[in-house]
Amino acid sequence: MRQEDPVATAAAAHRERDAMRRAVELAARGLGHTSPNPVVGCVVLDRTGRVVGEGWHKRAGGPHAEIHALAEAGDDARGGTAVVTLEPCNHTGRTGPCAEALLDAGISRVVYAVADPTPTAAGGAATLAAAGVDVAGGLLVEEAAAGNAAWLTAARLRRPHVHWKYAATLDGRTAAADGTSRWITSAASRADVHRLRAESDAVLVGSGTARADDPHLAVRGVPGATQPLRVVLDTAADAVTPGARVLDDTAPTVVFTAEDADARELEDAGVEVLRVPRAADGPGLDLAAVLDALYRRDVRSVLLEGGATLAAAFLSAGLLDRVTGYLAPVLLGAGPAALADAGIGTIGDARRLTLIETVRLGPDLRITAVPHTTEEP
Ligand SMILES: NC(=O)c1ccc[n+]([C@@H]2O[C@H](COP(=O)([O-])OP(=O)(O)OC[C@H]3O[C@@H](n4cnc5c(N)ncnc54)[C@H](OP(=O)(O)O)[C@@H]3O)[C@@H](O)[C@H]2O)c1
């Protein structure tokens, strides 16, 4: 039996880790552009371990990360290693299977991070292994899964990932007693919200916010951003009226109403109105039905931008997957709270989250947390 050189083996493992870290970075460039597909990054190493190709999935319907990286590597891919954040796909969708492309390019080893959970695309690893390729999964799986958290949640739950974002004072207020709220957080925080919007497939608000703020909800100041779908939940179709900023042509917009709402004014103005059942046990619309309709439109990630009433409804329905608070070092002492009554009456029932990130943004703090039950690391 051939004796392996332990120094060479350790060096190769080190190069593959570096390549996977880079692949995770590359994958993130696709955020906001690839739905209903995941973000994926790929680095190709030649037989000596040198980086010869890099790629990422840039947009749904376009070539997968492996195809871009193999194209850049050309003949240098032969006998080399492909390092990829997600198990290479095995199916022919709008593009051909990546497993086959890797075989055609003569790749001899494939290292991936996350196994593909979707029944249609899974199986790439087995196909490659059956064809004699050395395949290893699970390298930097937590980092790669975090980069694809929304897509993985959507694949598991068959509904979009819901990320609630709010801006508040240090004492948790979102406006002053007289209703004024512009601006609590800094320009740096507000610019960061545009990045979150750009990374999301849809941005959603309730009728209270639509009425109070006439929000625009489109992305500004993020070069090359794909505009998210703008969504308003307006049960009686009486909060969004023709001329509202959310209805301009910067981005597509959908207004959800109850099945029996009179939405003729909106429909006559060419606005897309989707009707869903009312909530069975509370005010407003059935949120699961809203998310289901969005999922069927290929929305995999929703940025919930308020307000407090709707966020509380999502929380009590168990439909919040991630929370980001922008906290400004400002005190108000009176005014509405960031979250309305979510039916939690005693401290034992408090929803405790896991903190996953804190970032200073100018004078503010951005805090991100996930419920204990999500699979996010
Ligand atoms: N600081 C921040 O981060 C931030 C962000 C957003 C908003 N805000 C502020 O928050 C205020 C608005 O918040 P809000 O709490 O009054 O309104 P909201 O949460 O934006 O909207 C609540 C409304 O959404 C509708 N809705 C539809 N389906 C629902 C469901 N399943 N559960 C609950 N509501 C449902 C209901 O009205 P219908 O059933 O009648 O349609 C409900 O009254 C504004 O002053 C705005 O400036 C602050």
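Rules of the game
Residues numbered from 1 in each chain as written. Predicted model: local features only at pLDDT ≥ 70, side-chain atom pairs only at ≥ 80, totals over all residues. Heavy atoms only, no water. Pairing = 2+ DSSP bridges. Helix = DSSP H or I, 4+ residues; strand = E, 2+ residues; numbered from the N terminus. Axes fitted to C-alpha atoms, helices over the stretch in contact; angles between N-to-C directions. Contact = heavy atoms within 4.5 Å. Domains from an automatic or database assignment. Buried area = accessible area lost by both parts, 1.4 Å probe. Salt bridge = Lys/Arg side-chain N within 4 Å of Asp/Glu carboxyl O. Polar contact = N/O pair within 3.5 Å; in protein donor to acceptor, adjacent residues only side chain to side chain. Near = heavy atom within 4 Å.

**Topic: the sheet that holds strand β2 (residues 51–56)**
Here 5 strands make up an open sheet; going across it, the order is β2-β1-β3-β4-β5 and the pairing mixed. Of all strands in the sheet, those bounded by a partner on one side alone are β2 and β5 (134–137). The mean angle between the axes of side-by-side strands here comes to 15 degrees, regardless of whether they run parallel or antiparallel. The pairing of strand β1 (residues 41–45) with strand β3 (residues 81–86) spans 4 bridges and is classified as antiparallel. Pairing of Leu45 across the sheet is with Thr81, part of β3. On top of the sheet, helix α2 (residues 65–73) reaches β1, β2 and β3; it is set at about 150 degrees to β2, its chief contact.

**A short note on the domain arrangement of the protein chain**
On domain assignment, one finds that the protein chain holds domain 1 (6–150) and domain 2 (159–371). With 7 residues of domain 1 at the interface, the matching set in domain 2 holds 11 residues. Sorting the residues of domain 1 by area buried against domain 2 places Gly32, Pro36 and Ala150 first, and these three jointly supply 51% of that buried surface. Run the count over domain 1 and domain 2 and you get 0 salt bridges. Put simply, domain 1 and domain 2 have 2 residue pairs in polar contact (both at pLDDT 80 or more) between them.

**Structural notes on the sheet that holds strand β6 (residues 161–169)**
In spatial order, the strands read β10-β9-β8-β7-β11-β6-β12-β14-β13; together these 9 strands make up an open sheet with mixed pairing. The open sheet is flanked by β10 (272–276) and β13 (353–361), the only strands paired with a single partner. Sheet twist, expressed as the average angle between the axes of neighbouring strands with direction ignored, equals 25 degrees. Pairing of β13 with strand β14 (residues 364–371), which is carried by 8 bridges, proceeds in the antiparallel orientation. What sits directly across from Leu361, in β14, is Asp364. Along the sheet, helix α6 (residues 149–157) contacts β6, β11 (301–304) and β12 (322–328); its crossing angle with β6, the most-contacted strand, is approximately 130 degrees. Helix-sheet contacts for helix α11 (residues 308–316) involve β6, β7 (202–206), β8 (229–233) and β11, and the interaxial angle to β7 is about 110 degrees.

**Quick look at the site of the ligand**
Taken together, 23 residues lie around the ligand, and Thr209, Asp213, Thr235, Gly307 and Thr309 are the ones closest in. With respect to the ligand, the backbone of Gly208 contributes an N or O atom lying 3.1 Å from an oxygen atom. Ala308 is positioned such that a nitrogen or oxygen atom in its backbone is 3.4 Å from an oxygen atom of the ligand. Per-element tally for the shell around the ligand: the top contributor is helix α8 (residues 207–213), with 5 residues.

**Re the environment of Ala28**
Position of Ala28 among the secondary structure elements: in helix α1 (residues 6–28). Along the sequence, Ala28 and Gly147 sit 119 residues apart, while their C-alpha atoms lie 6.5 Å from each other.

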